[in-house]
Amino acid sequence: MTLSVVWDDEAEAALLTILDYIGPRNKAAADRLHAAIRHAADNLPLHPCAHRPGRAPGTREVVVHPNYILIYRVAAEAIEVLTLVHARQQYP
C-alpha cells in the first residue's frame, strides 16, 4: 500500500509565504523552489523513512534546498507534511 501525502494547513501557509516573498524578487527562482518542494513531497511515499530524523519527536526532515527544510511525519494512513522552515529558522 502506498501512502498518500497530505499537507497540513501550516505547511501550505509556510509554502505560500516563502513563495510570496521570493516571487516578486525572482520569479524564476520561486518557480524552481516550488517545483523542488513539490517534487520532494510527492516522492516521500517511495521511501518515507529515507530522510533524516527530525528535531521534533516523531518527525523527519527533507532538505529540499540549502535554505529550506520540509518537516513531515509518517502516520499509519498518510505522510503528513507539517511545515516548511528556513534552515536558519529556529525549529522546533
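Quick notes on the rules
- Residues numbered from 1 in each chain as written.
- Predicted model: local features only at pLDDT ≥ 70, side-chain atom pairs only at ≥ 80, totals over all residues.
- Heavy atoms only, no water.
- Helix = DSSP H or I, 4+ residues; strand = E, 2+ residues; numbered from the N terminus.
- Expected span 1.5 Å × (residues − 1).
- Contact = heavy atoms within 4.5 Å.
- Polar contact = N/O pair within 3.5 Å; in protein donor to acceptor, adjacent residues only side chain to side chain.
- Buried < 20%, exposed > 50% of the residue type's maximum accessible area, 1.4 Å probe, protein only.
- Axes fitted to C-alpha atoms, helices over the stretch in contact; angles between N-to-C directions.
- Parallel < 35°, antiparallel > 145°, perpendicular 65-115°, else oblique.
- Left-handed = near helix turned anticlockwise from the far one by under 90°.
- Phe/Tyr/Trp six-rings, centres within 6.5 Å; stacked < 30°, edge-to-face > 60°.
- Lys NZ or Arg CZ within 6 Å of the ring centre and 35° of its normal.
- Core = buried A, V, L, I, M, F, W, Y, C linked by side-chain atoms within 4.5 Å.

As recorded by an unreviewed UniProt entry, the protein carries the name Plasmid stabilization system protein ParE and is attributed to Sphingobium xenophagum.

Here we come to helix 1 (residues 9–22). Compared with an ideal rise of 1.5 Å per residue, which puts 14 residues at 20 Å, helix 1 spans 20 Å between its outermost C-alpha atoms and is within 8% of the ideal. At its buried positions, helix 1 is contacted by strand 1 (4–7), helix 2 (27–42), strand 4 (68–74) and strand 5 (78–86). Of the residues flanking the start of helix 1, the one acting as N-cap is Asp8, its side-chain oxygen 2.8 Å from the backbone nitrogen of Glu10.

Take the environment of Val6 next. Relative to the elements of secondary structure, Val6 occurs in strand 1. On the basis of relative accessibility, which here comes to 41%, the residue Val6 falls in the partly exposed class. Between the alpha carbons of Val6 and Glu77 there is a distance of 9.8 Å; along the sequence they are 71 residues apart. For Val6, the residues in contact, after removing those within four places along its chain, are Ala78, Ile79, Glu80 and Val81.

This next bit is on the packing of helix 1 against helix 2. When two helices pack together, their arrangement is given by the angle between the helix axes and the distance between those axes. At a minimum axis distance of 9 Å, the contact between helix 1 and helix 2 shows a crossing angle of 160°. Compared by their axis directions, helix 1 and helix 2 come out roughly antiparallel. Relative to helix 2, helix 1 is oriented so that their crossing is right-handed. Of the residues in helix 2, those touching helix 1 at Glu12, Leu15, Ile18, Leu19 and Ile22 are Ala29, Ala30, Leu33, His34, Ile37 and Arg38.

What follows concerns the packing of aromatic side chains. Enumeration over the complete set of coordinates arrives at 0 aromatic pairs. Positioned above the aromatic ring of Tyr21 is the side chain of Arg25, whose terminal nitrogen or guanidinium carbon lies 3.9 Å from the ring centre. A cation sits over an aromatic face here: Arg38 above Trp7, 4.4 Å from the ring centre.

We now examine the nonpolar core. Of all hydrophobic cores here, the largest spans 22 residues; its most connected members are Trp7, Ile37, Val64, Leu70 and Leu84. Going through the elements one at a time, helix 1, helix 2, strand 3 (60–65), strand 4 and strand 5 are the ones with two or more residues in this core. Looking at this core, the element that brings in the most residues is helix 1, giving 6 residues. Residues in contact with Val64, not counting those within four places in the same chain, are Ala36, Ile37, Ala40, Leu70 and Leu84. Of all hydrophobic cores here, the second largest spans 6 residues; its members include Ile69, Ile71, Leu82 and Tyr91.

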